[in-house]
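# Coordinates in review
Letter by letter, the chains look like this.
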Amino acid sequence: MSAGNDPVTGDRLLLRETVPISPPGDRKAEQAAYREAQKVLTRLQGEADDLKVARTKSTFGALLDRWLPQHEIDPTTRMNYESAIRQYIRPELGDVPLLLLTRDASERLERFYADLRRCSKRCSGRPFVEHRVDGPHECREVQHRRPPGRRPAAGYPEHDCEEVGCKVLECQQHVCTPYSASSVRQVHAIISGALSAAVRWGWIAYNPAPAVRLPVKRRPQPRPPSSTDMARIVEAAYRDAEWWGTYVWLSAVIGARRGEVVALQWEDIDMDTGIVVLDENYVRGPDGMIVKDTKTHQGRRVSVDEDTVTLLQQHRSASATQLRRLGVELTGQTWLFSAKPDLSQPRDPSSLTRRYSRLVAELGIDTQLKQLRHYSATELLTAGVDLRTVAGRLGHGDGTTTLRHYAAWVGAADQAAASMIGKRMPKLPTSFS
């Protein structure tokens, strides 16, 4: 039974089903098979009609337009969803009828995900040049650095572009960049969420997304800096700036996300009890930087040691001195880490990542800012701190996420626990009577 053409590939859609004759050659069996075939034909005609209607009224793109505006997610997640839909999902699935998608979802989506895993731009595999701009242009353009002032009548003299530092704009040969397994899984979560809504609204009978085979997500492999490297990093950060050294130290001690640390205000620090309250996150939203709740939507209270309290007191004193010069008083709403002279706005977390990368590059240490969080977790687990306490300090919902990330260090802590319980057991008698 013909159901027209696939709106995306242009291939003809044929619905087929076979009714066997058993036993072959038997007259009554042939008649029974013929009657069954008539029923199958009637059903296929209905399915073909449904597919033809779906092509004009209920596409996956139309579903996305209805689903995303009413889907309750935080602004940052919404921005990521909109980007994935615009770049990847809509070009591939936007015109596909929903009923057609439910028939061949596994094959279509697995092929789509395989293309993304090979190249995020889903290129054909043939070499090509990625042009910087659309339309006619020079693929290689040199922007010469000229001395200030009016152009000389005789023209600018010849110069060495490399020595002067002239900027070269050049269209580059395309290099495939595979989409990560976790990113593909996020794309699938968007598709599955939209299809689940379609089931609730009665647009389709079932959600085919759970049957799709997803790429295996690689197990996290944290590479925290060693204690020796950590000492060098902190020392270099303090030489650079007092606030910068405090930020690096505090991040390593409390194991918080970078946005959680820059979202701290002085009212979140209890100097008397040594408690830091982490209940906000400073992240980039659709309209710029925003302060929102934490990633897990739960605040937490993290204890810090006396040395950390002393460093925070010194940082508070330095911040108060800075504000007094401007005629401003430090309050509970003052941010701990701000690039503004009056400390009126948190620092951009991305700028801290870049600054940290430059710092460790100068020291010859291969690490990233997010590894400060890993450093805190691994040091605690290696010291024998229980998994539940470490998970609570990191802001994980339960110990499952912590165990998945730090299984190797949990094993080391478990060995220490075995040695401890062994030492507390009574001495084994040499013989039993």
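Preceding this section is the structure that the text describes.
Residues numbered from 1 in each chain as written. Predicted model: local features only at pLDDT ≥ 70, side-chain atom pairs only at ≥ 80, totals over all residues. Heavy atoms only, no water.

Another point: the packing of aromatic side chains. Overall, the coordinates contain 7 aromatic pairs when judged by the stated rule. With a centroid separation of 6.4 Å and 25° between ring planes, the pair formed by Trp-67 and Tyr-81 is classed as stacked. Linking Trp-67 in helix H2 (residues 60-70) with Tyr-81 in helix H3 (residues 75-93), this pair joins segments that are 14 residues apart in sequence. Ring geometry for Tyr-247 versus Phe-337: centroids 5.4 Å apart, planes at 90°, classification edge-to-face. Residue Tyr-247 is located in helix H9 (residues 242-254), and its partner Phe-337 is located in the loop between helix H11 (306-324) and helix H12 (349-363); the two are separated by 90 residues in the primary sequence. (Phe/Tyr/Trp six-rings, centres within 6.5 Å; stacked < 30°, edge-to-face > 60°. Helix = DSSP H or I, 4+ residues; strand = E, 2+ residues; numbered from the N terminus.)

One turn of the α-helix equals 3.6 residues, which is why residues spaced by three or four share an orientation. The terminal C-alpha atoms of H9, which comprises 13 residues, lie 18 Å apart, in line with the 18 Å expected from a rise of 1.5 Å per residue. Counting buried positions over the 13 residues of H9 gives 10, a clear majority of the element. Buried within H9 we find Trp-243, Trp-244, Gly-245, Thr-246, Tyr-247, Val-248, Leu-250, Ser-251, Ala-252 and Ile-254. (Expected span 1.5 Å × (residues − 1). Buried < 20%, exposed > 50% of the residue type's maximum accessible area, 1.4 Å probe, protein only.)

Here Arg-404 lies in helix H15 (residues 399-405). In sequence terms Arg-404 and Gln-221 are 183 residues apart; their C-alpha atoms lie 9.5 Å from each other. In this structure Arg-404 touches Arg-219 and Pro-220, once residues within four positions along its chain are discounted. (Contact = heavy atoms within 4.5 Å.)

The sheet built from 3 strands is open, its strands ordered S7-S8-S11 with antiparallel pairing. In this open sheet, the two strands that pair with only one neighbour each are strand S7 (269-270) and strand S11 (300-303). (Pairing = 2+ DSSP bridges.)

Quick look at the nonpolar core now. Counting 42 residues, the largest nonpolar core has Ile-233, Trp-244, Tyr-247 and Val-248 as the members making the most contacts within it. Those elements giving two or more residues to this core turn out to be helix H8 (227-240), H9, helix H10 (258-262), strand S8 (275-278), H11, H12 and helix H13 (371-382). Take this core: its biggest share by element is 7 residues, from H9. With sequence-adjacent residues up to four places away left out, Trp-244 is seen in contact with Ala-237, Leu-352, Arg-355, Tyr-356 and Leu-359. (Core = buried A, V, L, I, M, F, W, Y, C linked by side-chain atoms within 4.5 Å.)

Further remarks concern the environment of Ser-106. Position of Ser-106 relative to the elements: it lies in helix H5 (residues 105-118). Residues Ser-106 and Arg-213, 107 residues apart in the sequence, show an inter-C-alpha distance of 7.3 Å. Every residue in contact with Ser-106, bar those within four places of it in the chain, is listed here: Ala-211 and Val-212.

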